[in-house]
Amino acid sequence: MGRKPAAWFLVLTVILVLVSPQACRKPSRNVLAPEYGRGSQEFDQRLNAAKNKQEYDSFLKERETWLNGLVLKYGSQRLTVEDSIALARAYCDLQRFDKAITLLEPLSRKSEDPELFKAFVNAYMGAKRSGDAALLLGRARTVVKDLKGLAHLYLLVGLSQQKIADAIPLLETALRYPLPSQWDRYVPVAMNVILTYGGLSSEQSRVFLKGLKETYRGVPSILTAVEGKERLLNFIGKRAPELSSSGRWINSRRGVKLSSFRGKYLLLEFFAPWCSHCRASIPLVEGLRKEFSPKGLAVLGVTLFNGSFFDGEVKIEKVGRQKEFALIEAFAKKKGMDFPILVTSGKRVYEDFAVQGIPHFVLLSPEGKVLRFGIGEDKEFFSYCQTLLRSGKR
């Protein structure tokens, strides 16, 4: 009968096994990443080809089962960085964003891999932690050599920020690169935010717009938006044209000419009753008018016949011009807009003042020159008007 091995020998054997090179060696090849990539592609194809909702829901359930199998199989294994990213994406697909964040956090501290930053930002956004996503992208700006592949995330995260000051640097980074076509409609939005709140001078704005034209020279919708902004910039300091469209007037029997306001500051307000942002900006206009009318401010409104009517409460799909005029007149009276308003079917006046969206505001000097434009609920524009009018400058 042999002797039992000594306790110290057993302990030493366990230690040697635990510290052996094979046990400590980092994974040398990717296993999960190719499996996740193939599977995701296959399920995307099946989901896109689904013939009906029942089949689509069935594929979704299969996909969920497959994803759960992946995280169960690989969740406790030592993985390469690429496999860890794939596992994080699988967690995100399952809406388990916190698990993805926990997995990626230690890797992000020392990695320069753009794919890791993509996965991490998507996890943060899924967990509704856009502030953390913004901080992460701020770090990426210092360690990732080429940010082109992350540009759409700078745009997404920038547009989700609640504070304009946090959004500006993210959006500026995003627009340095050509974005994938599915993001085209967001580029003008980011452009407007930068031009309105970015503190750019007229010359800096022109340089910024020139860069956008070069980056997106093959995208007509973006070029149109950029050229509209260039027209606005070129308009500043020049004498405003007369109102070129005819129509009917509210609060004025014969209508008015812009030249009749010489000697006063004139605020032009392009609006529509159906526009919620226009309705929200009416109190801002009224605040200016009440405070500064005695000091030489006049207001003039412009709106279009639309063939329908909606003011947030009353909705009429089709309406004749006479009835629509009466409805707009009643809307103006209800909102306290007792200044001259041109209701027109001609869009020439909109083109003359480079109106791309409403509400659109133009402030004219007492000499009839364009001082500044405002678009949307532009509090910076109204703050500028208040400062100027309170200064008493003529």
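The text that follows walks through the structure, step by step, so that each part is easy to find. (Residues numbered from 1 in each chain as written. Predicted model: local features only at pLDDT ≥ 70, side-chain atom pairs only at ≥ 80, totals over all residues. Heavy atoms only, no water.)

1. Here we look at the packing of aromatic side chains
Note the threshold: Any two rings among Phe, Tyr and Trp, with Trp reduced to its six-membered ring, count as a pair given centres within 6.5 Å; such a pair is stacked if its planes are under 30 degrees apart, edge-to-face if over 60, and tilted if neither. Put simply, DSSP H or I for four residues or longer makes a helix, DSSP E for two residues or longer makes a strand, and each gets a number counted from the N terminus.
Tallied over the full model, the rule gives 11 aromatic pairs. Consider the rings of F43 and W66, whose centres lie 5.4 Å apart with planes at 35°: the pair is tilted. With F43 in helix 3 (residues 32-48) and W66 in helix 4 (residues 53-74), this residue pair connects regions lying 23 residues apart in the sequence. Summarising the aromatic geometry, the rings of F120 and Y124 are spaced 4.6 Å apart at their centres and angled 15° between planes, so their arrangement reads as stacked.

2. Regarding the pattern of salt bridges
This is how the line gets drawn: In the sections that follow, a salt bridge refers to a side-chain nitrogen of Lys or Arg positioned within 4 Å of a carboxyl oxygen of Asp or Glu. Only protein chains enter the accessibility calculation, which uses a 1.4 Å probe; a residue whose area is less than 20% of its type maximum is buried, one above 50% is exposed, and one in between is partly exposed.
Using the criterion set out here, one finds 14 salt bridges in the structure. Across the salt bridge formed by R289 and E286, the nearest N and O atoms sit 2.9 Å from each other. Taken together, the residues span about one helical turn, with R289 and E286 both in helix 14 (residues 276-292) at a distance of 3 residues. In terms of burial, R289 and E286 fall into one category: buried.

3. A look at the packing of helix 4 against helix 5 (residues 81-93)
Basically, it comes down to this: Note on definitions: angles span 0 to 180 degrees between N-to-C directions of axes, and those axes are lines fitted to C-alpha atoms, for helices only across the stretch in contact. Oblique is the label for every angle not falling under 35 degrees (roughly parallel), over 145 degrees (roughly antiparallel), or within 65 to 115 degrees (roughly perpendicular). When the near helix sits turned anticlockwise from the far one by under a right angle, the crossing is termed left-handed; a clockwise turn instead gives a right-handed crossing. Contacts: residue pairs with any heavy atoms within 4.5 Å of one another. Only Asp, Glu, Lys and Arg are considered charged, only Ala, Val, Leu, Ile, Met, Phe, Trp, Tyr, Cys and Pro nonpolar, and every remaining residue, Gly among them, polar.
Here helix 4 crosses helix 5 at 140°, and the two axes come no closer than 10 Å. Our classification of the angle between helix 4 and helix 5 gives oblique. The element helix 4 and its partner helix 5 pack so that their crossing is left-handed. Residues R63, L67, V71 and Y74 of helix 4 form the contact with helix 5, whose participating residues are L87, A90, Y91 and D93. Along the lines of polarity and charge, the residues of the contact of helix 4 with helix 5 split into 6 nonpolar, no polar and 2 charged.

4. Considering helix 3
Spelled out, the test is: Each helix should span, by expectation, one fewer than its residue count multiplied by 1.5 Å.
Look at helix 3: 24 Å from first C-alpha to last across 17 residues, which is about the 24 Å you get at 1.5 Å a residue. Elements in contact with the buried residues of helix 3: helix 4 and helix 5.

5. As for the environment of G301
Within the fold, G301 resides in strand 3 (residues 297-304). According to the relative accessible area criterion, G301 is buried, its value standing at 0%. Taking the C-alpha atoms as reference, G301 lies 51 Å from V143; in sequence the two are 158 residues apart. If sequence neighbours within four positions are ignored, G301 has contacts with E269, F271, F339, P340, I341 and L342.

6. Description of the sheet that holds strand 7 (residues 360-364)
Our working definition: DSSP-based pairing: two strands are paired if at least 2 bridges between them are found.
The 6 strands are arranged 1-6-3-2-7-8 in an open sheet whose pairing can be described as mixed. One side of each edge strand has no neighbouring strand; the edge strands of this open sheet are strand 1 (247-250) and strand 8 (370-375). Across this sheet, the average inter-strand angle for adjacent strands is 20°, counted without regard to direction. Sheet contacts for helix 15 (residues 321-334): strand 1, strand 3 and strand 6 (341-344); angle to strand 1, the most-contacted strand, approximately 30°.

7. Focus on the packing of helix 14 against helix 17 (residues 379-391)
At a minimum axis separation of 11 Å, helix 14 and helix 17 run at an interaxial angle of 5°. It follows from the interaxial angle that helix 14 and helix 17 lie roughly parallel. Contact residues: helix 14 offers L284, V285, L288, E291 and F292, while helix 17 offers F382, C385, Q386, L389 and R390. When grouped by side-chain class, the residues that make up the contact of helix 14 with helix 17 number 7 nonpolar, 1 polar and 2 charged.

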